[in-house]
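Structural overview for review
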Amino acid sequence: MTPAEIKTAIESQFPGSVLENEDLAENQVELKGEQWLEMATFLKNDPNLCFDQLECITGIDTGEAGPLQTRYNFHSMEHRHKIEVVISHDRENPKVASIEQLWRIGDWFERETYDMFGIVYEGHRDLRRILCPDDWEGWPLRKDYEGQEDYHGIVVPKIKEEEEWE
Amino acid sequence: MGVLENRFKDNIIVASLDKFLGWARSTSPWYFQFGLACCAIEMMASAASRHDLERIGMMPRSSPRQADVMIVAGTVTMKMALRVKKLYEQMADPKYVISMGSCATSGGPYWQHGYHVLKGVDLVVPVDVYVPGCPPRPEALIEGLLKLQEKIQTERPLTRKTA
Ligand code: SF4
């Protein structure tokens, strides 16, 4: 199936769930977050879509005014088609349903995205930080991240941009 | 067999015990076998057959209890820094630390933007020898190790140190 046909299939199953977004490429589709678990189940189990492989989960911070996003890359080994699903989150309270129990690899992908962006995957059975230490403060890949100044008494020196190197 | 055969009579050597201990220690500094990032590859290359660290008496040990030298080979993250410190504390005296590569020495490429990288392992453990490079070639590491051996040789373990 082409990405356009996949979008139509999702839209006919979940009317009103596909959002318009001009910034996206042809193989990307933005979906509403509310019914994400049902939609993901549909993506996986529908015989025509049959996305049996979750290739990656990424987080994106679109900047001060924009939302946080989670992006899922799905691939179907059966039909050899791909789609990238985009879900936007409110910056203050970013959360979406976890798909960790549908694709087991989603476990670590979601933990990583949580670790870096603070997006909460509801229903994840073990949502802890995966790369940073458990007691790390803040979400490092967010645009407004300020590094912490000490960690267990170890100083993290702040190097000012450029001025020292001119 | 060998060059020594029939050259000397069975004999006695007189040496200062302090120097003798220094010699014994410096010629068998067993190092702690762990690597943190890309520098560890060069450390492994130094230990492998081409450069062969065992020529200078260095043998990898997998337990901090058996090791004399800790080669901090690679990027020390904040998460690892606490563990490096703990491992150092578990080593038995006398113990030495080599900071290998610019990451371990100063944060290296992560100096400016690495929010989670320790800016020099000397912030958590005392360092004896710094080996510069990114990564240092095995020759550079070996030179660092020889420098460390010189340093160990000059120590006087029997003499009480007063501050
Ligand atoms: S100094 Fe260079 S080679 Fe060594 S760990 Fe750092 S980045 Fe890697």
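Residues numbered from 1 in each chain as written. Chains lettered and ligands numbered in written order. Predicted model: local features only at pLDDT ≥ 70, side-chain atom pairs only at ≥ 80, totals over all residues. Heavy atoms only, no water.

Our next topic: the overall build of chain B. Broken down by element type, chain B carries 5 helices and 5 strands. Beginning at the N terminus, the succession of helices and strands in chain B can be written as α-β-α-β-β-α-β-α-β-α. Seen along its three principal axes, the alpha-carbon backbone of chain B occupies a region of about 65 × 40 × 25 Å. Across chain B, every contact between residues at least 6 apart in sequence was considered, and the portion connecting residues at least 24 apart equals 79%. Taken as a whole, chain B presents about 9600 Å² of accessible surface, with 57% of it coming from carbon and sulfur. Computing the positive centroid from 20 side-chain charges and the negative centroid from 15, chain B places the two 5 Å apart. (Helix = DSSP H or I, 4+ residues; strand = E, 2+ residues; numbered from the N terminus. Contact = heavy atoms within 4.5 Å. Areas by Shrake-Rupley, 256 points an atom, 1.4 Å probe, with all protein chains shown as cover. Lys, Arg positive; Asp, Glu negative; His and termini not counted. Charge placed at Lys NZ, Arg CZ, Asp CG, Glu CD.)

Let's shift gears to the site of the ligand. Residue and element names in this part refer to chain B. Lining the immediate surroundings of the ligand are A37, C38, C39, G74, T75, G101, S102, C103, P109, G133, C134 and P135. Top contributing element to the shell around the ligand by residue count: helix α4 (residues 101-106), with 3 residues. Along the lines of polarity and charge, the residues of the shell around the ligand split into 7 nonpolar, 5 polar and no charged. (Near = heavy atom within 4 Å. Nonpolar A, V, L, I, M, F, W, Y, C, P; charged D, E, K, R; others polar.)

If you look at the interface, chain A gives 19 residues, while chain B gives 13 residues. Of the roughly 1300 Å² buried between chain A and chain B on both sides combined, carbon and sulfur atoms contribute 73%. Applying the counting criterion to the chain A and chain B interface returns 0 salt bridges. At the junction of chain A and chain B, the tally comes to 1 residue pair in polar contact (both at pLDDT 80 or more). Within the side of chain A that touches chain B, the residues separate by chemical class into 15 nonpolar, 1 polar and 3 charged. (Buried area = accessible area lost by both parts, 1.4 Å probe. Salt bridge = Lys/Arg side-chain N within 4 Å of Asp/Glu carboxyl O. Polar contact = N/O pair within 3.5 Å; in protein donor to acceptor, adjacent residues only side chain to side chain.)

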